[in-house]
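Examination of the molecular architecture
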There are 2 protein chains.
Amino acid sequence: MKEYEVTPKGFKFYGTHVGIKKKRKDFGLIVADNVCHAAAVFTKNTFCGECIPIGKEHVKNAELQAVVVTSGIANVATGKIGRENEYKILDKLSKQFTIKKENILPSSTGVIGPQLPIDSIENFLEAESIDLQENYEDFAHAILTTDQRIKVRSLSVGDATILGIVKGSGMIEPNMATMLAYILTDAKVTKQEIYPMLKIAVDQSFNTISIDTDTSTSDTVAFLASGHHEVENTEMQSALNQICKELALDVVKDAEGATKTMFVTVKNAENKEQAKNAGKSIINSPLVKTALFGHDPNWGRIAMALGKTEGLVFDQNNVEIYYGHYPIFSKNNEEKQNINKIAEYIKQNEDIYLTIDLHQGKETVEVIGCDLSYEYVKINSDYST
Amino acid sequence: MKEYEVTPKGFKFYGTHVGIKKKRKDFGLIVADNVCHAAAVFTKNTFCGECIPIGKEHVKNAELQAVVVTSGIANVATGKIGRENEYKILDKLSKQFTIKKENILPSSTGVIGPQLPIDSIENFLEAESIDLQENYEDFAHAILTTDQRIKVRSLSVGDATILGIVKGSGMIEPNMATMLAYILTDAKVTKQEIYPMLKIAVDQSFNTISIDTDTSTSDTVAFLASGHHEVENTEMQSALNQICKELALDVVKDAEGATKTMFVTVKNAENKEQAKNAGKSIINSPLVKTALFGHDPNWGRIAMALGKTEGLVFDQNNVEIYYGHYPIFSKNNEEKQNINKIAEYIKQNEDIYLTIDLHQGKETVEVIGCDLSYEYVKINSDYST
């Protein structure tokens, strides 16, 4: 598998401004030439957006032909009118492209509460004949909210191509799926296999990151396969895993206000769940995050966060903590001689690697987080209702 | 019960500087004239301080005569030497005051990792004859770290008095007990009753607050009764509940960098645990907290935080959300007309009351949190190793 940026066969894109945001693009489309095999995973947030139940229903038969995204307003907590507005959009698109409404997956992202400006959107969809493009860039821009950049990855798998596009930089601690991510391939994937494959990839990627502990109401990861090329299943799975990992990392790299990315590996845990919970407890601790922002090798806060992990019991005497290759805690004692080296390591690097060795079992999990900065507070105390 | 500041009979206090911090008081003592009935609850953090196992052991027989607190260094993750250092301090105190070492409860709070400057402490305890005082103020100062003020409450119960002293303003999401809190009374409380009474009071107070989701490694709440006055049990419980509630609120009011206190009441939940989890999910959400700091009536983030609550399932159509007396969300719709009033309400008040009515059952719980400000980031990225 080598990286290049070719779009998979059978998909076209579109992105424009329809009047949800003030100026920036706020309406994105992916349309496939034919019905694709498809799978999607969605937020577990009970207060979910109006798109989520529609999307679940539409992808049930493992078929999709299009994706529509509105950005700027999340269409969450908008009741019956919110639901009807989504169907109005789907109806117009269904007519314009002669595809079944049930084969369109809708997504929406932005402020929770307000209704979509449905008149503007309908007017636009009636007036314009939408000219789909080979290039994904306008679409990738159209789905952004507080993101600083578009996040796109692609890979080749045998003769096929796999392309992933994601948005998200805040309200990110995915539980099952994350944010909005669309993964397209021109490989053939059967209806039976497409969901399990996506689930495996998402668990190892999006579900291991956290920017701010807040699970979004709109999280969706969708995977569409247009079926032009035969690809070995294991090869496909591994490409899908890689692209999801890369996209998830792209999201953390674009984390609101973040200056550092923190990779926490919890080694030799009794089971994967405990390892993941311990890692999440560390990357979610505001004290660990602010210390990282301050370039402070404050490993005591890491010990604290490890210790508060729900359901994890361990013996302090067996725990080892490393920054990069430098041990800072082992045999229940601080490795004081490394403090200055670690301070320098944090200062010099954007990617900070932390390793916790529990010496309890054989399972290892990596999770990815970021620091907590003035800028995060600024962005989120200003981003107004 | 009316409030006044008298210390209960049978207790003396002390606070001084022994060289853990640079200048400020860092060594505090409470000594009772006689052995007291006592109970204590401790952090559930697995990575707990060296004082915790000693304290658990010493309070097992429901007897204590003294409390010693060192502040500036937490004596956490310090291994065998850390444990020995605590015993050295207890030995010296035991000699100086002719009390059994097993009747002293040790506590330590501050930076995790370094060893206590045990030579300075021992030198001090050998050189000085400690002159205990009737007044608690030096003690209350000696236990502080990032706190901005001492936090002391007292009440009369029948003929007796109950006095509570607490420290804490960061690394606060108590799980079972919190921070360091000492509650003293000259009432008589039996050995059998003292622990259950404390447990009830702590669950309703310290265990309902969160400043930053981080459960400290040193949390301790101790309750000592010197037994001079007979007091009705129910009266005592209600005074203890009240003083714990007041002290817990004092801690949130002194939250690192906070400008607002947020009281979240979750009403009509199926059970108390769900109500508490939902409330905690809201007060712990960084997006809710930054919105509060920005005076932004961003109730969508409250909906998000409610929706991500682990194990809570509800129907959006039945949920109501209020700021103060203003409804902002009901019947799955935004009460738009109240947005400006709510923005004004947040701007004008330090105490912000949020109510979530789930309309599912009959249980109600109030939890207390605060906003997330630039100052919190500053304090915790500067507070150095």
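Residues numbered from 1 in each chain as written. Chains lettered and ligands numbered in written order. Predicted model: local features only at pLDDT ≥ 70, side-chain atom pairs only at ≥ 80, totals over all residues. Heavy atoms only, no water.

A look at the sheet that holds strand β14 (residues 363–370) of chain B
All names here are of chain B.
- Sheet architecture is open: 6 strands sit in the order β12-β11-β10-β13-β9-β14, paired in mixed fashion. This sheet does not close on itself; its edge strands, each paired only once, are β12 (333–334) and β14.
- With 3 bridges joining them, strand β10 (residues 320–323) and strand β11 (residues 326–330) adopt antiparallel strand pairing. Paired with Ile-321 across the bridge in β11 is Phe-329.
- Along the sheet, helix α10 (residues 339–348) contacts β10, β11, β12 and β13 (351–357); its crossing angle with β11, the most-contacted strand, is approximately 125 degrees. (Pairing = 2+ DSSP bridges. Helix = DSSP H or I, 4+ residues; strand = E, 2+ residues; numbered from the N terminus. Contact = heavy atoms within 4.5 Å. Axes fitted to C-alpha atoms, helices over the stretch in contact; angles between N-to-C directions.)

Remarks on the domain arrangement of chain A
All names here are of chain A.
- Here the domain parsing of chain A yields domain 1 (11–253) and domain 2 (261–382).
- Together, the buried faces of domain 1 and domain 2 total about 1200 Å²; carbon and sulfur atoms form 49% of this surface.
- Linking domain 1 with domain 2 are 2 salt bridges.
- Taken together, the links from domain 1 to domain 2 amount to 7 residue pairs in polar contact (both at pLDDT 80 or more).
- Here the residues of the side of domain 1 that touches domain 2 are counted per class, giving 5 nonpolar, 4 polar and 4 charged. (Domains from an automatic or database assignment. Buried area = accessible area lost by both parts, 1.4 Å probe. Salt bridge = Lys/Arg side-chain N within 4 Å of Asp/Glu carboxyl O. Polar contact = N/O pair within 3.5 Å; in protein donor to acceptor, adjacent residues only side chain to side chain. Nonpolar A, V, L, I, M, F, W, Y, C, P; charged D, E, K, R; others polar.)

Points about the UniProt feature "binding site: substrate" (unreviewed entry) in chain A
- Within this numbering scheme, the UniProt entry marks Thr145(A), Lys167(A), Thr178(A), Glu256(A), Asn380(A) and Thr385(A) as carrying the feature "binding site: substrate" (unreviewed entry).
- With respect to the helices and strands, the residue Thr145(A) is situated in the loop between α4 (137–142) and β5 (151–157). (UniProt positions renumbered as here; feature names shortened; annotations may be inferred.)

What about the packing of aromatic side chains?
All names here are of chain A.
- Under the criterion given, the structure shown has 21 aromatic pairs over all chains.
- Pairing Phe-263 with Tyr-353 gives two aromatic rings, centres 4.6 Å apart and planes at 15 degrees, and the pair type is stacked. Of this pair, Phe-263 sits in strand β9 (residues 261–269) while Tyr-353 is found in strand β13 (residues 351–357), placing the two residues 90 residues apart along the sequence.
- A relative accessible area of 5% places Phe-263 in the buried class.
- With relative accessibility at 37%, the residue Tyr-353 sits in the partly exposed group. (Phe/Tyr/Trp six-rings, centres within 6.5 Å; stacked < 30°, edge-to-face > 60°. Buried < 20%, exposed > 50% of the residue type's maximum accessible area, 1.4 Å probe, protein only.)

Details of the relation of the copies chain A and chain B
- In the superposition of chain A on chain B (RMSD 0.1 Å, axial shift 0.0 Å), the rotation amounts to 180 degrees. Expressed as a symmetry operation, the mapping of one chain copy onto the other fits a two-fold axis. In terms of proximity to the rotation axis, the leading residue of chain A is Tyr374(A), whose C-alpha is 2.7 Å off the axis.
- Most of the interface of chain A is mirrored in chain B, where 100% of its interface residues are also at the interface. (Least-squares fit on C-alpha atoms with pLDDT ≥ 70 in both.)

Focus: the interface of chain A and chain B
- Contacts between chain A and chain B engage 58 residues on the former and 58 residues on the latter.
- Counting every contact that joins chain A to chain B gives 0 salt bridges.
- Across the contact surface, chain A and chain B share 13 residue pairs in polar contact (both at pLDDT 80 or more).
- Elements with a minimum of two residues in the side of chain A that touches chain B: α8 (286–293), α9 (299–307), β12 (333–334) and α11 (374–382) of chain A.
- With 7 residues, α9(A) is the largest single contributor of residues to the side of chain A that touches chain B.
- Here the side of chain A that touches chain B is composed, by residue class, of 26 nonpolar, 23 polar and 9 charged.

Focus on the pairing of β13(B)
All names here are of chain B.
- β13 sits mainly inside the fold: 5 of its 7 residues count as buried.
- Two strands pair when backbone bridges link them, and strand β9 (residues 261–269) and β13 are joined in this way by 7 bridges, in the parallel orientation. Among the inter-strand pairings, Met-262 is bridged to a residue of β13, identified as Ile-352.
- The pairing of β10 with β13 spans 4 bridges and is classified as antiparallel. In the sheet register, Tyr-323 faces β13, and the bridge partner there is Leu-354.

Notes on the sheet that holds strand β10 (residues 320–323) of chain A
Residue and element names in this part refer to chain A.
- With respect to topology, 6 strands assemble into an open sheet ordered β12-β11-β10-β13-β9-β14, the strand pairing being mixed. On the outer flanks of this sheet lie β12 and β14 (363–370), each paired with one strand and no other.
- Set on the sheet, helix α6 (residues 233–253) makes contact with β9, β13 and β14; between it and β14 the angle comes to about 35 degrees.
- Strands in contact with helix α10 (residues 339–348) are β10, β11 (326–330), β12 and β13; relative to β11, the strand with the most contacts, it is inclined by about 125 degrees.

Some points on the state of the cysteines
- Applying the stated criterion across every chain, the model contains 0 disulfides over all chains.
- Cys51(A) supplies the cysteine sulfur nearest to Cys48(A), a cysteine that is in no disulfide, at a spacing of 9.7 Å. (Disulfide = S-S within 2.5 Å.)

Quick look at the pattern of salt bridges
- On inspection of all chains with the given rule, the structure shows 36 salt bridges over all chains.
- Across the pair Asp351(A) and Lys253(A) runs a salt bridge whose closest N-O atoms are separated by 2.2 Å. Here Lys253(A) lies in helix α6 and Asp351(A) lies in strand β13, a separation of 98 residues in the sequence.
- Classification of Asp351(A) by relative accessible area gives partly exposed; the value is 26%.
- For Lys253(A), a relative accessible area of 24% translates into the label partly exposed.
- Note that Lys272(B) is salt-bridged to Glu363(B), the shortest N-O span being 3.2 Å.

Considerations on helix α1 (residues 51–59) of chain A
All names here are of chain A.
- Regarding α1, the residues found buried are Cys-51, Ile-52, Ile-54, Gly-55, His-58 and Val-59. The buried side chains of α1 occupy one side of the element, clustering within an arc of 160 degrees when seen end-on.
- Each element contacted by the buried residues of α1 is listed here: β2 (27–42), β3 (63–73), α2 (79–97), β4 (104–111) and β8 (220–229). (Arc of directions from axis to C-beta.)

Section: the pairing of strand β3 (residues 63–73) of chain B
Residue and element names in this part refer to chain B.
- Extensive coverage of β3 is indicated by the burial of 10 of its 11 residues.
- Judged from the 7 bridges that link them, strand β2 (residues 27–42) and β3 form a sheet pairing that is antiparallel. Residue pairing for β3: His-37 is matched across the bridge by Glu-63.
- Bridge count between β3 and strand β4 (residues 104–111): 8 bridges; the pairing is parallel. Bridging across to β4, Ile-73 finds its partner in Val-111.
- As a crossover connection, the stretch from β3 through helix α2 (residues 79–97) into β4 is right-handed. (Right-handed = clockwise from strand over helix to strand, strands pointing away.)

Remarks on the side chain of Asn103(A)
All names here are of chain A.
- Residue placement: Asn-103 occurs in the loop between α2 and β4.
- Note on Asn-103: relative accessible area 4%, which makes it buried.
- In this view, Asn-103 contacts Val-35, Glu-63, Leu-64, Gln-65 and Ala-66; residues no more than four positions away in its chain are not counted.

Things to note about the packing of helix α7 (residues 272–283) of chain B against helix α9 (residues 299–307) of chain B
Residues and elements named next belong to chain B.
- Where α7 contacts α9, the two axes come as close as 8 Å, and the packing angle between them is 135 degrees. As the angle between them shows, α7 and α9 are arranged oblique. Here α7 runs over α9; the crossing is right-handed. Of the residues in α9, those touching α7 at Ala-278, Ser-281 and Ile-282 are Ile-302, Ala-305 and Leu-306.
- Its residues assigned to classes, the contact of α7 with α9 comprises 5 nonpolar, 1 polar and no charged. (Parallel < 35°, antiparallel > 145°, perpendicular 65-115°, else oblique. Left-handed = near helix turned anticlockwise from the far one by under 90°.)

Some details on the environment of Thr215(A)
- With respect to the helices and strands, Thr215(A) occurs in the loop between α5 (191–203) and β8.
- Remark: the alpha-carbon pair of Thr215(A) and Lys44(A), spanning 171 residues in sequence, is separated by 8.1 Å.

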